Amino acid sequence: MNAVLRYVPLLIVAAAWEAASRLGLVSSLALPPLSDVIASWIDLLRDGDLLTNAGPSLYRLAAGLALAILVGALLGLGMAWWKPVNVVLAPVVEIFYPLPKSALIPVTAIWLGFGDGSKILLIFLGCMIPVTIAAFNGARGCDRMLLWSARSMGASRLRVLWDVVLPGAMPELLNGIRTAIALSFILLVSSELIVAQRGFGYLIGSLGANGSYEAMYAVVFTVAFLGFAVDRLYQMLVQRVLIWRL
Amino acid sequence: MSAPAQILVDRVHHMYRPPRGREVLALDQVSLSVASREFVALLGPSGCGKSTLLYLIGGFLPVESGTISVDGKRVQGPGPDRGIVFQHFALFPWKTVRGNILYGLERQGMPKEEREQRALDFIKLVGLAGFEDSYPSQLSGGMKQRAAIARTLAFDPSILLMDEPFGALDAQTRGLMQGELLRIWQRTPKTVIFVTHDVQEAVYLAERVAVMSARPGRIKTIIDTRFDKNDPDIFKNPAFVGKVDEIWNLVRDEAMKAQATRAE
Amino acid sequence: MEALEHLPVQEAMSLRALRASMRFGTRVASVVALVLVWQAISDSGIVTAFQLPSFTRVLARIWDDAVAGDLWVNTAVTLYRALIGFAIASVGGIALGMAMSRLKLVHWFFDPLISVGFPMPKIAFLPVIILWLGVYDTSKITMVVFDAVFPVIAATIIAIDGVERELLWSARNMGANEREILWQVVLPAASPQIMTGLQVALPLSLIVAVVTEMLMGGYGLGGAMITASRFANSPGVFAGIVEIAIVGYALVKIMSLIRHRLLIWHPEAHEPSTV
């Protein structure tokens, strides 16, 4: 019950929105009534426009993130575990960490054009950094005593990496992945707004250019809500995985 | 007791309500009277409510049942008549030692020259001369506690409430600080209520020791502990040692009870 | 090496400066190494000059822009938008955070809005903001504020909630009233963490400004980059990346120095996080 009560202010805002628009308190062109936006959303769904654009977007997200997480985690762990890897890669990570990843939008566009490739590459490059850093810090922070205990029980170096370091690094790594997920949405939407021919961002842009503002709002909120929902689901998943941590 | 009570605690009853979990009775019908300029120790095992009692007297927690009066008036809230010293110093980390001490004096509206001089006097009193422009993060534990004591003494409260002030210090520093405190108290006598779980510290510093039971806190007994505190061999004095022993036996049962309830 | 805690303030500061310049030295070495690798790859012919223009080419492009004045105009425009947005987000965010910490009703109302808004890609709202406010600076600055205000609010709330009770009690003990406690005790005590929130919000402000420029074109580092990409001008695009990286680095560094000055009393020897 408390959980429901917590979100009541959102209902209040929604009600205020509907009222302000219907009563003409704000221009109903710039802020169409919420009910019209919802109706528009249903239309978009029925017409198929929403889904034909959702497809590419979700595909790009998934592919880019999957690569970023896989490669990032391996690199981060590798850097923490083998000194030579660290020496080579640490400067690269340090340089690219403060670089705003959205600055890569134009460059991926000139490399791979307006299609899926440029978005996937963008998300891969951008999201890899937080995952790498989190994996590195997580592995580095592993308690020495745990490592020594495992070794003294006869585990080989590689086994220790798998049995002790990886689980120990999990909390930090999972947190880094959470950051990467949020970043992936931002990169996806930004690049689709600017340089795309399909996808949520593209749809928002073209609906806006057409003057179909209710529909534009509908897609904007769809994407925004998707970002929120994925984050919440991810947190629930993490809680399950990290059950030992409490 | 012939002298009139400065602090009167009358049948105070206090419930502790944690943000999560059940409420718990912290203090059960506690009564205590403290005369002006007396040094009283509140001694008891962890969780017995001695700090809670101190906070109630200080006005930091509201008295829900029973009364606490100071100089005849009911306690309504915190005030500069009852200065508090915390275990973890509670110095303002963004102010220097001098800045910390000046804060209370500024609140009192003391004129600038007077308060600068007063701050310096108390810095010297607690032996921190030369460190007045240091930040708390640059001081050792003992130095921080001295600064905290100086800060409280500077605004001249008639009552000093001390919540295990030496608990965060190592044993050697603690010993030195105990001597310092006694020296300061003898020079500028104030009423002191000193909370501790260390029996020897209580017997050494205080004139009377109120032994508290395990939770819910009650005052079990009050024992007279007047000795010649300036005797350099006091810790070997048989009367002293005997008193420590006597009180330790009283506390030990309560300490074991406290352990048992915690294990639940 | 002596613990910094026991040195007088002056000595501690110069030791810190020494350590900081050693860190800077390694950083410079990394950048030099990266540039050498870049040049080597582009010279080797593994990739085309279009895919990776040589570093010298990119440097030449930056130089041309500087001489022509474009670099300064674009940087100034982007910084203007980013910093105004950052300033509004900072003041507004801290104020709202303070209000949420102390007033239950305000907290109840805004908490879900912030909690839901945090993980949302707020850039998705840019078209809506453009619809409301047009295509000039106002909409860009508003987008910056919308994005940057979240970390500031979150940090402020955590900071204020985390102020130790004993600090508040000590202040009350010394006769301070509620207003004095808020400004003289709560805010200073909360300032390290609020500062951290601001340090997150600043680079965020920069990149949001750049992205809005990329979408809307025109002046600014983002606008220049997207124009270059529309003309398939690869050195121009890479120049933009380098310029944004440098501006971003400079902002973070300045912020870090400001933090160090303001929080000189803080026990943490303040290492800038990764920069």
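The preceding data block contains the structure.
Rules used in this analysis
- Residues numbered from 1 in each chain as written.
- Chains lettered and ligands numbered in written order.
- Predicted model: local features only at pLDDT ≥ 70, side-chain atom pairs only at ≥ 80, totals over all residues.
- Heavy atoms only, no water.
- Helix = DSSP H or I, 4+ residues; strand = E, 2+ residues; numbered from the N terminus.
- Rg over C-alpha atoms; globule rule 2.2 N^0.38 Å.
- Contact = heavy atoms within 4.5 Å.
- Areas by Shrake-Rupley, 256 points an atom, 1.4 Å probe, with all protein chains shown as cover.
- Lys, Arg positive; Asp, Glu negative; His and termini not counted.
- Charge placed at Lys NZ, Arg CZ, Asp CG, Glu CD.
- Buried area = accessible area lost by both parts, 1.4 Å probe.
- Salt bridge = Lys/Arg side-chain N within 4 Å of Asp/Glu carboxyl O.
- Polar contact = N/O pair within 3.5 Å; in protein donor to acceptor, adjacent residues only side chain to side chain.

### Section: the overall build of chain B
Scanning chain B from N- to C-terminus turns up seven helices and 10 strands. Here chain B has a C-alpha radius of gyration of 19 Å; the compact-globule value for 264 residues is 18 Å, and the two agree. By principal-axis analysis of the C-alpha atoms, chain B measures approximately 50 × 45 × 40 Å. When contacts within chain B are restricted to residue pairs at least 6 apart in sequence, long-range pairs at least 24 apart make up 68% of them. Surface summary for chain B: the accessible area is close to 11,900 Å², and the carbon and sulfur share equals 49%. Treating the 34 positive side-chain charges of chain B as one cloud and the 31 negative ones as another, the clouds have centres 4 Å apart.

### Examining the interface of chain C and chain A
Accessible area lost upon the coming together of the parts is a frequently used measure of interface size. Taken together, the contact pairs 39 residues of chain C with 47 residues of chain A. Taking both sides of the interface into account, the surface hidden between chain C and chain A amounts to around 4,000 Å²; carbon and sulfur atoms contribute 81%. Looking only at chain C, the three residues that lose the most surface to chain A are Pro119, Pro121 and Leu131 of chain C, adding up to 14% of its buried area. At the boundary of chain C with chain A, the tally comes to one salt bridge. Across the contact surface, chain C and chain A share five residue pairs in polar contact (both at pLDDT 80 or more). At the level of secondary structure, the elements contributing two or more residues to the side of chain C that touches chain A comprise helix 1 (9–44), helix 4 (104–117), helix 5 (126–133), helix 8 (178–216), helix 9 (221–230) and helix 10 (234–262) of chain C. A total of seven residues in the side of chain C that touches chain A trace back to one element, the largest contributor, which is helix 4 of chain C.

### Examining unusual backbone geometry
Residue and element names in this part refer to chain B. For the bond from Arg215 to Pro216, the omega torsion is 0°, close enough to zero to count as cis. Summarising the element assignment, Pro216 is placed in the loop between strand 9 (208–212) and strand 10 (219–224). One non-glycine residue, Ala90, lies in positive phi territory at about 50°. Of note, Ala90 is situated in the loop between strand 6 (82–85) and helix 2 (97–107). A positive phi is found at Asp156, a non-glycine position, where the angle reads about 50°.

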